[in-house]
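# Breakdown of the fold
One letter stands for each residue in the lines below.
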Amino acid sequence: MVVMAKNSKDAVFRIIFVCTGNICRSPMAEVIFRDTVEQIGLGSAVSIASAGTGEWHVGEKADPRTQSALERAGFTAENHRAKQFEVDWFETFDLIITFDRGQRRILKAWASDDEQRSLVQPLLTFHPAPPGGITEVPDPYYGNDQLFDHVRDMITSACQELLRQIEPVVRSTLTARAGSSTSQGAQCAPPLPRSCAP
């Protein structure tokens, strides 16, 4: 199975958010990050997807509490369907974002080499000021609406900083692609971790 991230055809950067079941944290991040990217006009340049390390919820919608928390902030995950991360996706994405050490441990165990393991990064490393200095996004599955809102807000802050860091790379790659399209075709511009060819 090949995951089809939205807006993937012309993307120069591909990112996937991976939590445990793909019904709470990673759908939140996918929806929020996509909205953030689209607000600055890069919706077609950045391909965004989400998945889980487990298979328990494959095919299900996002948790109703996830949908409610997103809706309270003006987002929607109505079209989301849970997927399980597949090993060959290491070759598809430039960045694989996790939420806690459990997902990082599993994904790094699935990776075939150090290059693939280097793609796996915790979301909160991009948070400008993690509350209480925490390093993981708590799983709200067994919590209440307040926890879901708290997790949503943590993810929002981290996604904004994540975009701030990758935006220069994306824009420089788009500029290089546009400048060479009439002669040699798209060329790669560092520091993308993989070829920027679609």
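Residues numbered from 1 in each chain as written. Predicted model: local features only at pLDDT ≥ 70, side-chain atom pairs only at ≥ 80, totals over all residues. Heavy atoms only, no water.

Listed in full, the buried residues belonging to helix 2 (residues 64-72) are Thr-66, Gln-67, Ala-69 and Leu-70. Looking straight down helix 2, one finds its buried side chains confined to an arc of 165 degrees; they lie on one side. Along its buried surface, helix 2 packs onto helix 1 (25-39) and helix 5 (145-180). The N-capping residue of helix 2, defined by a side-chain oxygen 2.8 Å from the backbone nitrogen of Arg-65, is Asp-63. Two residues or fewer past helix 2, Gly-74 is found with a positive phi of approximately 90 degrees. (Buried < 20%, exposed > 50% of the residue type's maximum accessible area, 1.4 Å probe, protein only. Helix = DSSP H or I, 4+ residues; strand = E, 2+ residues; numbered from the N terminus. Arc of directions from axis to C-beta. Contact = heavy atoms within 4.5 Å. Polar contact = N/O pair within 3.5 Å; in protein donor to acceptor, adjacent residues only side chain to side chain.)

Counting residues in hydrophobic clusters, the biggest one holds 40 residues, and the most contacted among them are Ile-15, Phe-17, Phe-33 and Ile-155. When contributions to this core are tallied by element, the ones reaching two or more residues are strand 1 (13-19), helix 1, strand 2 (46-52), helix 2, strand 3 (95-98) and helix 5. Top element by residues in this core is helix 5. It accounts for 10 residues. (Core = buried A, V, L, I, M, F, W, Y, C linked by side-chain atoms within 4.5 Å.)

So far we have only geometry, and geometry alone does not tell us how the molecule works.
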